[in-house]
Amino acid sequence: MKKTVFYLMISMVIVLSSCRKDELAPEPSSPQEGILPERFMVEIPDALSGKMYKSTQVDTLQGDDIYAHMRNFIFIGGHAAMTVNEIIFAISFYQINHPMTFTFISQEDQRLKQVVVIENAFFEGLNWEFEMTVTDIDPDQEPEDGKALQIFWNRNPIKGIAIMNPYNINRIGFSGHPEIMYRIDYSEAQELGYERHMVVYMTNLPLEHPLTNPYSMKTMKMFAGKNGNMISLFGNSEHPNATFISGDVGFDWAFTAGGNITADIGVAEVGLPSHLLDASDRYTLLEENSIRNVFMNQIYEMWPGIDSTVVQAFLHHTDPPGYFASGGFVQGGNPPSPQYAPLETLIEGLTPYNPLFIHEMVIAFKEEDAGWASGQ
């Protein structure tokens, strides 16, 4: 699943940076000469963002594997935000410095795309300084069905919402995944007590076959906030086919994490509630459904008379929290050094989202966009 999602996100950057413009497109110029936001993401320390973790077999899955999977999911969410940032950078070469409309032919799918930029937009109860919509133009479809990218933003301070449908960016490369949607909310307005923060949403990601990878992800929502060198993370990833020991199917990786960018270290706590659980409190999500509790309950449900020493060996590294360095997971339960103490305190004030809300989450473009048709 991770290779598939990573390919999709990289392809979005390529298609927008390698397009050839038609006679309506402005001449490419410096990416700084325009009104598009200069940045649209919060970077996540490598210690909390996995690079490539091979899924282990269900019968050998242990606590440190759970943490490694969490790093995968954070990695995917972080790269979704990076993709938005790079797409905005690629489009900025077209001198977008005022409201305008232009088209280009994508070299990836040879289809006509339209870019419309308008002023004074309204979305989700807020007024925005600008709105930009990129649409795949097809005479046989309604304009709403062709939306590929939509951004609402203010320039000072930078704040905005970006919504993406990669299928409409590249109809060939994403032909098997027309339902995937991404959304990034980004702000430097400090309204939540952070210098910068973002919320990453992902829905309808392609699930691998349960026998190949039962832990593939369908839906995700992740918050990342930055203050100085400290990063606060919390969120949930939904895994409808996940199974551990007893045969119960469908779990949610509910996590909180803190990272130090300079030291490249991290601390995380993970819960494994049902992906349909309707609960929002920290105790239920991270303590009642802790890795240790979920695994222990399932083990004794399957083998009531099992030797407790065998159980304890299996549950090695499941005590919260988990500690991370630049190479990934270090250990669980006890900090490797006093350097981790501020991060331990940081995550105590963080709570994941309600798993049921993540399961039911929908990402959608603005329903009505007169600018697409009129070019005004």
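Structure: above.
Figured I'd write up the structure that's included with this text. (Residues numbered from 1 in each chain as written. Predicted model: local features only at pLDDT ≥ 70, side-chain atom pairs only at ≥ 80, totals over all residues. Heavy atoms only, no water.)

## Quick look at the overall build of the chain
Here is step 1: Summing up its helical and strand segments, the chain has 9 helices and 14 strands in all.
Here is step 2: For the chain, buried positions account for 56% of its 376 residues.
Here is step 3: Put simply, of all contacts in the chain between residues at least 6 apart along the chain, 62% involve residues at least 24 apart.
Here is step 4: When the accessible area of the chain is evaluated, it comes to approximately 15,700 Å², of which 51% is carbon and sulfur surface. (Helix = DSSP H or I, 4+ residues; strand = E, 2+ residues; numbered from the N terminus. Buried < 20%, exposed > 50% of the residue type's maximum accessible area, 1.4 Å probe, protein only. Contact = heavy atoms within 4.5 Å. Areas by Shrake-Rupley, 256 points an atom, 1.4 Å probe, with all protein chains shown as cover.)

## Considering the pairing of strand 5 (residues 147-155)
Here is step 1: Burial runs high along strand 5: 7 of the 9 residues are buried.
Here is step 2: Note that strand 5 and strand 6 (residues 158-164) share 7 bridges and pair antiparallel. Residue pairing for strand 6: Arg 155 is matched across the bridge by Ile 158.
Here is step 3: Taking the residues between adjacent antiparallel strands as the criterion, strand 5 and strand 6 are bridged by 2 residues. (Pairing = 2+ DSSP bridges.)

## Let's talk about the environment of Leu 286
Here is step 1: Turning to its location among the elements, Leu 286 is positioned in helix 4 (residues 282-288).
Here is step 2: With relative accessibility at 0%, the residue Leu 286 sits in the buried group.
Here is step 3: Once the C-alpha coordinates of Leu 286 and Thr 256 are considered, the two residues, 30 residues apart in sequence, prove to be 8.8 Å apart.

## Brief notes about the side chain of Thr 219
Here is step 1: On the secondary structure map, Thr 219 appears in strand 9 (residues 219-227).
Here is step 2: In contact with Thr 219, not counting residues within four places along its chain, are Met 202, Thr 203, Asn 204, Asn 236, Ser 237, Glu 238, Ile 358 and Met 361.

## Remarks on the side chain of Asn 213
Here is step 1: When you line up the elements, Asn 213 lands in the loop between strand 8 (196-203) and strand 9.
Here is step 2: Of the polar contacts made by the side chain of Asn 213, one reaches the backbone nitrogen of Tyr 215; its length is 3.0 Å. (Polar contact = N/O pair within 3.5 Å; in protein donor to acceptor, adjacent residues only side chain to side chain.)

## A look at the pairing of strand 6
Along any regular strand the residues' side chains alternate between the sheet's two faces.
Here is step 1: Counting buried positions along strand 6 gives 6 out of 7 residues, so the element sits mostly inside the fold.
Here is step 2: Pairing analysis gives 6 bridges linking strand 6 to strand 7 (residues 181-187), with the strands arranged antiparallel. Residue pairing for strand 7: Lys 159 is matched across the bridge by Ser 187.

## Focus: the pattern of salt bridges
Here is step 1: Counted according to the given criterion, the structure contains 15 salt bridges.
Here is step 2: Where Asp 109 meets Lys 113, a salt bridge forms, and the shortest distance between an N and an O atom there is 2.9 Å. Grouping residues by exposure puts Asp 109 and Lys 113 together as buried.
Here is step 3: For Asp 319, the salt bridge identified is with Arg 292, shortest N-O distance 2.7 Å. Taken together, the residues Asp 319 in the loop between helix 6 (308-314) and strand 13 (322-325) and Arg 292 in helix 5 (residues 291-302) connect sequence positions 27 residues apart.
Here is step 4: The class of Asp 319 is partly exposed, set by a relative accessible area of 35%. (Salt bridge = Lys/Arg side-chain N within 4 Å of Asp/Glu carboxyl O.)

## Focus: the packing of aromatic side chains
Here is step 1: Summed over the entire model, instances satisfying the criterion amount to 17 aromatic pairs.
Here is step 2: Plain terms: the ring middles of Phe 244 and Phe 251 are 4.6 Å apart, the flat faces sit at 50° to each other, and that makes the pair tilted.
Here is step 3: For Phe 251, a relative accessible area of 7% gives the class buried.
Here is step 4: Among the aromatic residues, ring-to-ring pairing joins Phe 73, Tyr 215, Phe 244, Phe 251, Trp 253, Phe 295 and Phe 314 into one connected group. (Phe/Tyr/Trp six-rings, centres within 6.5 Å; stacked < 30°, edge-to-face > 60°.)

## Description of the nonpolar core
Here is step 1: Membership of the largest hydrophobic core comes to 72 residues, with the highest contact counts inside it found for Ile 96, Met 132, Met 198, Phe 244, Trp 253, Leu 272 and Phe 295.
Here is step 2: Broken down by element, this core gets its largest block of residues, 13 residues, from helix 2 (residues 63-91).
Here is step 3: Core analysis: the second largest hydrophobic core is formed by 20 residues, Phe 152, Ile 163, Val 199 and Ile 363 among them. (Core = buried A, V, L, I, M, F, W, Y, C linked by side-chain atoms within 4.5 Å.)

## Remarks on the environment of Ile 88
Here is step 1: Tracing the sequence through the fold places Ile 88 in helix 2.
Here is step 2: Look at Ile 88 and you get buried, because its relative accessible area is 3%.
Here is step 3: For the pair Ile 88 and Pro 37, spaced 51 residues apart in sequence, the C-alpha separation works out to 7.6 Å.
Here is step 4: Not counting chain neighbours up to four residues away, the residues in contact with Ile 88 comprise Leu 36, Pro 37, Phe 40 and Ile 151.

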